[in-house]
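Summary of structural features
Residue strings, one per chain:
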Amino acid sequence: MIITVASGKGGTGKTTIAVNLALSLLGASDDPTVRGRKLIFADCDVEEPNAALFLNPLLRESQEVAFQIPEVDEETCTYCGRCAQVCEFHAIAVVGQRVIVFKELCHGCGSCTLECPVGAIHEVPYVIGKIERGRVGSMTFFQGTMNIGVATATPIVRQVKHWALDDVQGDFIAILDAPPGTSCPVVESLKNSDFALMVTEPTPFGLHDLKLAVQVARKELGMPVGVIINRDGIGDAGVEEFCAQEGVPILMRIPLDRRIAEAYSRGEPLISALPEYRERFLELYHRIQGEIDR
Ligand code: SF4
Ligand code: SF4
């Protein structure tokens, strides 16, 4: 089972939910729906991976993530400009007797190499970040980190998921922490998930971004969706009205509580600071399972 925790906008408490759901499952070996299943946590928020701050994983392995970008042999190049014409991303330019590659813009699609009429382009690896694997007790932990200045996070998200999920044997529960928003890295994080758990605030901004996120997960990717209202009590009833209208279940509400913010600022998981939340997160997991089984 793959549960991806997402949010239309940043700062809604998405990582708090992902981390505490995972920790609650980690401590629930007596629960028959958890017992015997491998637990996996993957931080796919590669621009700002901060789940490790709360989970304190023991990191054991690291791999670079790279893709191929063009390098031009100026001896062979005729400066015909074909490579610049075919690049959709404006990542290569021919200026007089020079060809310039803007590696930060390149998506490694290979079109310029294929289209060069004189074979003046070969490809070289460009490192865009890294992925790491470790453990939090019996749970396997993965995270990706994107290098500063890199334009696309999607290949790193894909690699984190590949490492975390492709070779898992047997029954497992994977919690994925997606990046905020609704762009390509979010879609990549959500792909093939069994459930999209959307964390939102009950404000007009929260509602605006929630609508977009629900649209992506439910209508474009065809997966079941549930909502958690964080900082419940602020704002207005817009999120509730939207969920009722769209038939999106509200699976949990977390009130605005100073103690939660203080625990976060200390890097302390919510279920350690307020142990009563452990049961609530387990209940959330059971509700998700119920929604998937429907
Ligand atoms: S397509 Fe090839 S020959 Fe033409 S400008 Fe680009 S690198 Fe040079
Ligand atoms: S590999 Fe693709 S994105 Fe990169 S410069 Fe060539 S055509 Fe542009």
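Residues numbered from 1 in each chain as written. Chains lettered and ligands numbered in written order. Predicted model: local features only at pLDDT ≥ 70, side-chain atom pairs only at ≥ 80, totals over all residues.

On to the overall build of the protein. When helices and strands are counted, the protein shows eleven helices and eleven strands. In terms of principal-axis extent, the alpha carbons of the protein reach across some 70 × 40 × 40 Å. Counting only residues that meet the buried cut, the protein has 41% of its 294 residues in that class. Sequence-distant contacts, at least 24 apart, represent 74% of the contacts inside the protein between residues at least 6 apart. (Helix = DSSP H or I, 4+ residues; strand = E, 2+ residues; numbered from the N terminus. Buried ≥ 20, exposed ≤ 12 C-beta atoms within 10 Å, placed from the backbone. Contact = placed C-beta atoms within 7 Å.)

Another point: the environment of Gly11. With respect to the helices and strands, Gly11 occurs in the loop between strand 1 (2-6) and helix 1 (14-26). Looking at Gly11, the number of C-beta atoms within 10 Å reads 11, which means it is exposed. Separated by 190 residues in sequence, Gly11 and Glu201 place their C-alpha atoms 9.2 Å apart.

Tracing the backbone through its elements, the reader meets Pro179 in the loop between strand 8 (172-177) and helix 6 (184-190). Along the chain, Pro179 and Arg258 lie 79 residues apart, while their C-alpha atoms are 25 Å from each other. Non-local contacts of Pro179, meaning those with residues more than four positions away in its chain, are made with Cys44, Asp45, Val46, Glu47, Ala153, Pro185, Val186 and Ser189.

The subject of this paragraph is the domain arrangement of the protein. Annotation of the protein at the domain level lists domain 1 (2-64 + 136-293) and domain 2 (74-119). Centre-to-centre, using C-alpha coordinates, domain 1 lies 40 Å away from domain 2. (Domains from an automatic or database assignment.)

For the rest of this paragraph, the subject is the pairing of strand 1. For strand 1, a buried count of five out of five residues is recorded, marking the element as mostly surrounded by other parts of the structure. Pairing analysis gives four bridges linking strand 1 to strand 8, with the strands arranged parallel. In the strand pairing of strand 8, Ile3 is matched with Ile175. (Pairing = 2+ DSSP bridges.)

So, about the sheet that holds strand 2 (residues 38-43). As summarised here, the arrangement of the nine strands in space is 3-6-7-2-8-1-9-10-11, forming an open sheet in which the pairing is mixed. The sheet terminates laterally at strand 3 (58-72) and strand 11 (250-255), the two strands that pair on one side only. Going across the sheet, the axis of each strand differs from the next one's by a mean of 20 degrees, ignoring polarity. Both strand 1 and strand 9 (residues 195-200) contribute to a ladder of four bridges, which runs parallel. Among the inter-strand pairings, Thr4 is bridged to a residue of strand 9, identified as Ala196. (Axes fitted to C-alpha atoms, helices over the stretch in contact; angles between N-to-C directions.)

Attention now moves to the packing of helix 1 against helix 11 (residues 276-293). For the pair helix 1 and helix 11, the least separation of the axes is 9 Å and the interaxial angle reads 95 degrees. Judged on the interaxial angle alone, helix 11 and helix 1 are roughly perpendicular. Facing Asn20, Leu21, Ser24 and Leu25 of helix 1, the residues of helix 11 in contact are Tyr277, Arg278, Phe281, Leu282, Leu284 and Tyr285. Of the residues contributing to the contact of helix 1 with helix 11, the split by class is seven nonpolar, two polar and one charged. (Parallel < 35°, antiparallel > 145°, perpendicular 65-115°, else oblique. Nonpolar A, V, L, I, M, F, W, Y, C, P; charged D, E, K, R; others polar.)

The biggest cluster of nonpolar side chains holds 67 residues, and the ones touching the most others in it are Val5, Ala22, Leu197 and Met198. Ranked by the residues each element gives to this core, the list is headed by helix 1, at seven residues. Not counting residues within four places of it along the chain, the set of residues in contact with Ala22 comprises Leu39, Phe41, Met139 and Ile175. (Core = buried A, V, L, I, M, F, W, Y, C linked by C-beta atoms within 7 Å.)

A few words on the pairing of strand 9. Across the six residues that make up strand 9, a large majority, six, are buried. Side chains Phe195, Leu197 and Val199 of strand 9 all project onto a buried face; the interleaved residues Ala196, Met198 and Thr200 project onto the opposite face, where all are buried too. Relative to strand 10 (residues 225-232), strand 9 runs parallel, the two being bridged by five bridges. Bridging across to strand 10, Met198 finds its partner in Val227.

Moving on: the site of ligand 2. With respect to spatial proximity, 14 residues lie near ligand 2, and among them Cys87, Ala91, Cys106, Cys109 and Cys112 are the closest. Its residues assigned to classes, the shell around ligand 2 shows ten nonpolar, four polar and no charged. (Near = placed C-beta within 6 Å.)

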